[in-house]
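Listed below, chain by chain, are the residues.
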Number of protein chains: 2
Amino acid sequence: MKYLIAVLFCAVALCADPLPSWNKTDSKKQIIGFVEKVTDPKSPDFVPRDERIAVFDNDGTLWSERPVYFQLIFIFDQIKKMAPDHPEWQTQEPYASVLKGDYKSALSAKEEALVEMALVAHSNMTGAEFKQAARAWLDSAEHPKTGMLYKEMVFQPMLELLAYLRAKGFKTFIVSGGGVDFIRVFAEETYGIPPEQVVGTTLKAKYEVRDGKGVLVKEPEIALIDDKAGKPVGIYQFIGRRPIFAAGNSDGDFEMLEYTTTGEGPRFGMLVHHNDSQREWAYDRESHVGQLNRGLDEGPDRGWLIVDMKNDWAKIYPSVAD
Amino acid sequence: MKYLIAVLFCAVALCADPLPSWNKTDSKKQIIGFVEKVTDPKSPDFVPRDERIAVFDNDGTLWSERPVYFQLIFIFDQIKKMAPDHPEWQTQEPYASVLKGDYKSALSAKEEALVEMALVAHSNMTGAEFKQAARAWLDSAEHPKTGMLYKEMVFQPMLELLAYLRAKGFKTFIVSGGGVDFIRVFAEETYGIPPEQVVGTTLKAKYEVRDGKGVLVKEPEIALIDDKAGKPVGIYQFIGRRPIFAAGNSDGDFEMLEYTTTGEGPRFGMLVHHNDSQREWAYDRESHVGQLNRGLDEGPDRGWLIVDMKNDWAKIYPSVAD
């Protein structure tokens, strides 16, 4: 729906300004300049339509990620729903802290215990069952600070950028450290990105026939961690060619931007810098989510655009007035 | 190119017969009947454009697979090219037999030794290096019986079916037991299927920076065997939704067709039955490649179309006169 609104808001090809929620700063000029030169058949930098692959991180790039990755809150809520079948969780960490609502203590558990809990919340169910659980959560859960649904906390300027690129013949993909099945539930209606164009952290799956119907069962084992150096691996395995445009916001996206921008010919890399504590959040080098350190140090020399959220974006969320 | 020719041959939407190389048999009627009912907005069986996912096996479904899978011949040729750096292969099986050109003895080696040889021919090189090797082979290697390039041994009726489905709003995918990187080299020009719509057997890959450039190195370890029950797994992981149309030719495709046709709503499964020893090959239950047994037994009761190559197809290869 939001994607539709973004498109209707500006029938891109005919519209004077394809990115109305971007202020008239140098960032906007750089983006439009790149898109125009690679799509103009008379330009020496022209790129054929088939090769116009654009990849986007999700958490912190297309939607917010504070106080923690939204999928983590989904995991906590799933654990609460599953708790009646697991009396042992009352005394076992990090489950016990989650059940008490003490997320801070839960998150201080060892990484393996947290990964294990994430696997519990995401596996031993069919793909359809998982989808239903994620759908119900996305349609109802509200963010503690904004009171908005999580799926409403997407960035209007990025929705416009996605629509603009597609109108110019780009194929847009999500390449996220988040769980692919979780993102696929809302990516089409929210971002206009169909399931087959979402790459993410992937669990193994097992094919079974239940009541005569073929189903996939999600297994508690990771097939691909789509983060850091795993992002170019995911791109290579799932998309099969090097993108020409990549957008991220954290050092988890560094290798994806590096892979994208070290190919031959015209390339574009951008990092969204969260520096707007009023309308969103301000964080970078010291943050426990979306840490951005190396990208700030090396990005400018590599020609990457550092998006200044505070000054470059006229609007953050679609439903909040400017 | 072949894809272009197929499209130009019949500007599908306007053409009276979207499948000119299919004889006027019941098979053709069934295919067109299905496509028309799911694409007619007034039909109770209408399927929205986004959900029109069609999956195709490659070996034996889109191109020939005799005397052995074509990729196996590529592997033999790669091993010969690599042999100067591996003097030990002169006495080590199955390499020694391959180097003598005794493929029959080579293929009688243990399965693990054959898989290991396949991995040797496909890994410890960058994606770009592999692509170059596969491209050179596909552009030059000739089939021992027909003298045609392997990539010319694609089925004209299937090229027309792919183009017809796409003209009707379907998104077409390959889901093959063959190596994904091998198929991606020729799928776009031959079938009109871009790399990101090819799912296949996948090796692990490692991201590295070489001379300042991000590259993927193919590792000698399998990430996904995209065959039998691995096909629905590949579909689930890579495409993320259940197809409504599936085409195969062997029992390696059984689970893919089962998964496709046991979903809700209108579904179509088809198996190409190789029964034309004159124009192609005739084989099914006893064959060492493309064995088709369970599909012939259970397919008809499941409503799957068994394509009678000899009588249903007016033409086999694009470049051979009728």
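Residues numbered from 1 in each chain as written. Chains lettered and ligands numbered in written order. Predicted model: local features only at pLDDT ≥ 70, side-chain atom pairs only at ≥ 80, totals over all residues.

1. Overview of the overall build of chain A
Phase 1 of the analysis: Broken down by element type, chain A carries 13 helices and seven strands.
Phase 2 of the analysis: Its C-alpha atoms give chain A a radius of gyration of 20 Å, within 12% of the compact-globule value 20 Å for 322 residues.
Phase 3 of the analysis: Structurally, chain A occupies a C-alpha span of about 65 × 50 × 35 Å along its principal axes.
Phase 4 of the analysis: Buried positions account for 47% of the 322 residues belonging to chain A.
Phase 5 of the analysis: Within chain A, contacts between residues separated by at least 24 positions form 65% of all contacts whose residues are at least 6 apart in sequence. (Helix = DSSP H or I, 4+ residues; strand = E, 2+ residues; numbered from the N terminus. Rg over C-alpha atoms; globule rule 2.2 N^0.38 Å. Buried ≥ 20, exposed ≤ 12 C-beta atoms within 10 Å, placed from the backbone. Contact = placed C-beta atoms within 7 Å.)

2. Some remarks on the packing of helix α3 (residues 70-82) of chain A against helix α6 (residues 111-122) of chain A
Residues and elements named next belong to chain A.
Phase 1 of the analysis: Interaxial distance between α3 and α6 falls to 9 Å at its minimum, and their mutual angle equals 65°. Viewed along their axes, α3 and α6 adopt a mutual orientation that is roughly perpendicular. α6 is crossed by α3, and the crossing has left-handed handedness. Of the residues in α6, those touching α3 at Ile75, Gln78 and Ile79 are Met117, Ala118 and Ala121.
Phase 2 of the analysis: Of the residues that constitute the contact of α3 with α6, the class distribution is five nonpolar, one polar and no charged. (Axes fitted to C-alpha atoms, helices over the stretch in contact; angles between N-to-C directions. Parallel < 35°, antiparallel > 145°, perpendicular 65-115°, else oblique. Left-handed = near helix turned anticlockwise from the far one by under 90°. Nonpolar A, V, L, I, M, F, W, Y, C, P; charged D, E, K, R; others polar.)

3. Considerations on the sheet that holds strand β1 (residues 53-56) of chain A
Through backbone hydrogen bonds, the strands of a sheet pair up, either in parallel or in antiparallel fashion.
Residue and element names in this part refer to chain A.
Phase 1 of the analysis: With mixed pairing, seven strands are arranged side by side in an open sheet as β4-β3-β2-β1-β5-β6-β7. At either end of the open sheet lies a strand with only one pairing partner, and these are β4 (213-224) and β7 (305-308). The sheet shows a mean angle of 35° between the axes of neighbouring strands, direction not considered.
Phase 2 of the analysis: Of the pairings in the sheet, the one linking strand β3 (residues 198-210) to β4 comprises eight bridges and is antiparallel in character. The residue bridging arginine 210 from the neighbouring strand is lysine 213, located in β4. (Pairing = 2+ DSSP bridges.)

4. Here we look at helix α3 (residues 70-82) of chain B
Note that an α-helix has 3.6 residues per turn; residues three or four places apart therefore point the same way.
All names here are of chain B.
Phase 1 of the analysis: Compared with the 18 Å implied by 1.5 Å per residue over 13 residues, the 19 Å span of α3 between its first and last C-alpha is a close match.
Phase 2 of the analysis: Of all the residues in α3, the buried ones are Phe70, Gln71, Leu72, Phe74, Ile75, Phe76, Gln78 and Ile79.
Phase 3 of the analysis: If you follow the buried residues of α3, they end up packed against α4 (95-100), α5 (103-107), α6 (111-122), α7 (127-138), β2 (171-179) and α9 (180-191). (Expected span 1.5 Å × (residues − 1).)

5. Notes on α9 of chain B
Residue and element names in this part refer to chain B.
Phase 1 of the analysis: Counted at 1.5 Å a residue, the expected span for α9 with its 12 residues is 16 Å, but the 14 Å between its end C-alpha atoms falls short.
Phase 2 of the analysis: Burial runs high along α9: 10 of the 12 residues are buried.
Phase 3 of the analysis: Considered for burial, the residues of α9 that qualify are Val180, Asp181, Phe182, Ile183, Arg184, Val185, Phe186, Ala187, Thr190 and Tyr191.
Phase 4 of the analysis: Just downstream of α9 lies glycine 192, where phi reads positive at about 75°.

6. A short note on the relation of the copies chain B and chain A
Phase 1 of the analysis: Rotating chain B by 180° about the axis while translating it 0.0 Å along that axis superimposes it on chain A, leaving an RMSD of 0.0 Å. These values place the two chain copies in the arrangement generated by a two-fold rotation axis. The position closest to the rotation axis in chain B is occupied by the C-alpha of phenylalanine 238 of chain B, lying 3.3 Å away. (Least-squares fit on C-alpha atoms with pLDDT ≥ 70 in both.)

7. Quick notes on the sheet that holds strand β7 (residues 305-308) of chain B
Residue and element names in this part refer to chain B.
Phase 1 of the analysis: The strand order β4-β3-β2-β1-β5-β6-β7 describes an open sheet built from seven strands, whose pairing is mixed. Of all the strands in the sheet, the pair left with one neighbour each is β4 (213-224) and β7. Neighbouring strand axes in the sheet, compared pairwise and without regard to direction, differ in orientation by 35° on average.

8. Section: the interface of chain B and chain A
Phase 1 of the analysis: Tallying the contact residues gives 27 residues for chain B and 27 residues for chain A.
Phase 2 of the analysis: Taken together, the elements giving at least two residues each to the side of chain B that touches chain A come down to β3 (198-210), β4, α10 (230-239) and α11 (254-261) of chain B.
Phase 3 of the analysis: Here the side of chain B that touches chain A takes six residues from α10 of chain B, the largest share from any one element.
Phase 4 of the analysis: Of the residues assigned to the side of chain B that touches chain A, the class counts are 13 nonpolar, seven polar and seven charged.

9. Examining the confidence of the model for chain A
All names here are of chain A.
Phase 1 of the analysis: With 95% of its residues at a pLDDT of 70 or more, chain A shows a mean pLDDT of 95.
Phase 2 of the analysis: Put simply, helix α1 (residues 2-9) is where chain A has its lowest mean pLDDT, 55, and strand β5 (residues 245-248) is where it has its highest, 99.
Phase 3 of the analysis: Interface confidence for the predicted complex, given as ipTM, is 0.94, next to a pTM of 0.94. (pLDDT = per-residue confidence, 0-100.)

10. Some words on the pairing of strand β6 (residues 268-273) of chain B
All names here are of chain B.
Phase 1 of the analysis: Most of β6 sits out of view: six of its six residues are buried.
Phase 2 of the analysis: Across the two faces of β6 the burial is the same, with Phe268, Met270 and Val272 and Gly269, Leu271 and His273 all buried.
Phase 3 of the analysis: Pairing between strand β5 (residues 245-248) and β6: four bridges, direction parallel. When the sheet's bridge partners are listed, alanine 247 is paired in β6 with methionine 270.
Phase 4 of the analysis: In this fold, β5 hands off to α11, which returns the chain to β6; that crossover is right-handed.
Phase 5 of the analysis: One ladder, built from four bridges, connects β6 with β7; its direction is parallel. Following the sheet pairing, methionine 270 is matched in β7 by leucine 305. (Right-handed = clockwise from strand over helix to strand, strands pointing away.)

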